[in-house]
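Observations on the three-dimensional arrangement
In case you want the letters, here they are:
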Amino acid sequence: MDRALVVWLTDSFLLSLGIYLLLGTAFSIYFVFAGANRLDPGVKDAPWHFRLIIWPGSVLLWVTLLTKLLKKK
Amino acid sequence: MSVSYRSILWNKQKIRYDKGLVLFILIFLVAFFGIHLVFHSNVTIETIIIRAFGLLSLVLLHVILTIGPLTRINPRFLIVLYNRRHLGVTMFLMALIHGAFSMMNFHGLGDINPIRSIFLSNLQYQSVAHFPFQVLGFFALLILGLMAVTSHDFWLKNLGYKTWKALHMMVYIAYGLVILHVVMGVIQNETSIVLFAVILTAFFGIAMLHLLVAVRETTTDQQSKLNAEWVLVGAPEEIKESRAKIVAVSGERVAIFLYQGMLSAVNNVCRHQGGPLGEGKIIDGCITCPWHGYQYLPGNGQSPPPFTEKVETYDLKLENGQVWVNAQPHPEGTAVEPLKIS
Ligand code: FES
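Residues numbered from 1 in each chain as written. Chains lettered and ligands numbered in written order. Predicted model: local features only at pLDDT ≥ 70, side-chain atom pairs only at ≥ 80, totals over all residues. Heavy atoms only, no water.

A separate point is the overall build of chain B. When helices and strands are tallied, chain B shows 10 helices and 11 strands. The burial tally for chain B puts 45% of its 342 residues in the buried class. Contacts in chain B between residues far apart in sequence, at least 24 positions, make up 55% of those at least 6 positions apart. Counting every atom, chain B has about 17,600 Å² of accessible surface; 65% of that belongs to carbon and sulfur. In chain B, 25 side chains carry a positive charge and 20 a negative one; their mean positions are 5 Å apart. (Helix = DSSP H or I, 4+ residues; strand = E, 2+ residues; numbered from the N terminus. Buried < 20%, exposed > 50% of the residue type's maximum accessible area, 1.4 Å probe, protein only. Contact = heavy atoms within 4.5 Å. Areas by Shrake-Rupley, 256 points an atom, 1.4 Å probe, with all protein chains shown as cover. Lys, Arg positive; Asp, Glu negative; His and termini not counted. Charge placed at Lys NZ, Arg CZ, Asp CG, Glu CD.)

Below, the structure written as structure tokens:
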């Protein structure tokens, strides 16, 4: 396969993934401490390690969660 | 069924389950390392780690994929299904160790970013025999990771059952990638035909098992006429006390429970993780899901307070000694007068 094409595809993919995860990380900080409470009242009295458990998921699924939070307004 | 979330709802059974899992992993690793050190003493420790954790996650993945269909064939397997999520997360962690060590070992030494190197160190994407199989492993790991981090009930509730289920059905895509990853890896690195044969047998085993259960369930589904207003359930004597009969009604499965001379019909899908309510029984007056014990009142499909889960309910009628269920469901949690049969 053409090396230049594979390099381009790889770099575009990894760059997009990186940006997506970076934005996700920023969002997840808000989500874990505040957003989750708004989305689901069951979170309010949950222990701190529960927030740790939902943290990686909120990095990966930030677009879905953000949409849900905006719709809730 | 908690009202406010806990990280993990520990109970005796889950603790025993997890202890068993840890014990299995320890025995597996000790045995694997022992065998390698005795019979392949020329192999480096990194290679043993990569192989051990790769094989371990592969075995766990097969267990995970067989539990579902096996419980359909024999309820004794429910014990394994009970905490399948911890099994899934563990499997992901084992695969992650395998992936991390492989990346360090094969891609960490050059001057290009190791993740980039996975994609670029071998460019024979058109070749079957020399395909860069590590790329497949990378994507499988990504999917398994997504599933592992969304396995808590919080995600099930907030993504909605359908989305969550769809997300977790991706395990089959991951499985396909894993099998290709392993088969190609084996072809490229091993001369042993035995390992190759074992993997293919496992793959066909899983496929056959799923097919078998699917065929069994579609034949039961077809037995009832679809799209009719009332669907025949059968004679009440067919149902055992505190148990249910499951029939398909306009594409949905409905469980018709018999208890104290009365019949009630609810949607068969448990709101927790989609367990088959009709395969459970009535305990303390509540339909109890066979998977993790969520409960619903037969008369209205609602979980007893303070819990909030609800399933759809259905009208029933008795005609010439035969029970019929109405194809039109009532909204989740609607009370329906039970049908008295005695
Ligand atoms: S699926 Fe978990 S209790 Fe029903």
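Further remarks concern the interface of chain B and chain A. Contacts between chain B and chain A engage 23 residues on the former and 29 residues on the latter. Summed over the shared surface of chain B and chain A, the result is two salt bridges. With a closest N to O distance of 3.3 Å, D40 of chain A and K157 of chain B form a salt bridge. There are four residue pairs in polar contact (both at pLDDT 80 or more) connecting chain B and chain A. Breaking the side of chain B that touches chain A down by element, the ones donating at least two residues are α5 (114-120), α6 (133-149) and α7 (153-159) of chain B. The leading source of residues in the side of chain B that touches chain A is α7 of chain B, at five residues. The class makeup of the residues in the side of chain B that touches chain A is 14 nonpolar, six polar and three charged. (Salt bridge = Lys/Arg side-chain N within 4 Å of Asp/Glu carboxyl O. Polar contact = N/O pair within 3.5 Å; in protein donor to acceptor, adjacent residues only side chain to side chain. Nonpolar A, V, L, I, M, F, W, Y, C, P; charged D, E, K, R; others polar.)

Residue and element names in this part refer to chain B. Pairing is antiparallel in the open sheet, where three strands are placed in the order β5-β6-β7. With one partner strand each, in any of the chains shown, β5 (281-283) and β7 (295-296) form the two edges of the open sheet. Sheet topology note: the β5/strand β6 (residues 286-288) ladder contains three bridges and is antiparallel. Across the sheet, the residue bridging to I283 is C286, located in β6. (Pairing = 2+ DSSP bridges.)

Residue and element names in this part refer to chain B. Spatially, the three strands line up as an open sheet ordered β1-β10-β9, and their pairing is antiparallel. Unpaired on one side and paired on the other, β1 (230-234) and β9 (316-319) mark the two borders of the sheet. Going from strand to strand, the sheet's axes swing by 35° on average, the running direction of each strand aside. Both β9 and strand β10 (residues 322-326) contribute to a ladder of four bridges, which runs antiparallel. (Axes fitted to C-alpha atoms, helices over the stretch in contact; angles between N-to-C directions.)

To continue, consider the packing of aromatic side chains. Considering all chains together, one arrives at 17 aromatic pairs over all chains under this definition. A centroid spacing of 5.6 Å and a plane angle of 40° characterise the contact between Y20 of chain A and W62 of chain A, whose relative ring orientation is tilted. Here W62 of chain A lies in helix α3 (residues 62-72) and Y20 of chain A lies in helix α1 (residues 3-39), a separation of 42 residues in the sequence. Residue classification places W62 of chain A among the buried positions, given a relative accessible area of 15%. With centroids separated by 5.6 Å and ring planes inclined at 25°, the aromatic side chains of F27 of chain A and F31 of chain A adopt a geometry described as stacked. Of this pair, F27 of chain A and F31 of chain A both sit in helix α1, four residues apart, roughly one helical turn. Judged on exposure class, the residue F27 of chain A and its partner F31 of chain A are both buried. Cluster of aromatic residues (ring-pair linked, three or more members): Y20, F27, Y30, F31, F50 and W62 of chain A together with F154 and W155 of chain B. Its guanidinium or amino end placed over the ring of W291 of chain B, R84 of chain B lies 5.7 Å from that ring's centre, counting from NZ or CZ. (Phe/Tyr/Trp six-rings, centres within 6.5 Å; stacked < 30°, edge-to-face > 60°. Lys NZ or Arg CZ within 6 Å of the ring centre and 35° of its normal.)

Let's shift gears to the side chain of R51 of chain A. Residues and elements named next belong to chain A. Checked against the element boundaries, R51 lands in helix α2 (residues 48-60). One buried charged side chain, R51, makes no salt bridge at all; its nearest oppositely charged neighbour is D45, positioned 7.6 Å away. Every residue in contact with R51, bar those within four places of it in the chain, is listed here: V32, F33, N37, V43, K44 and A46.

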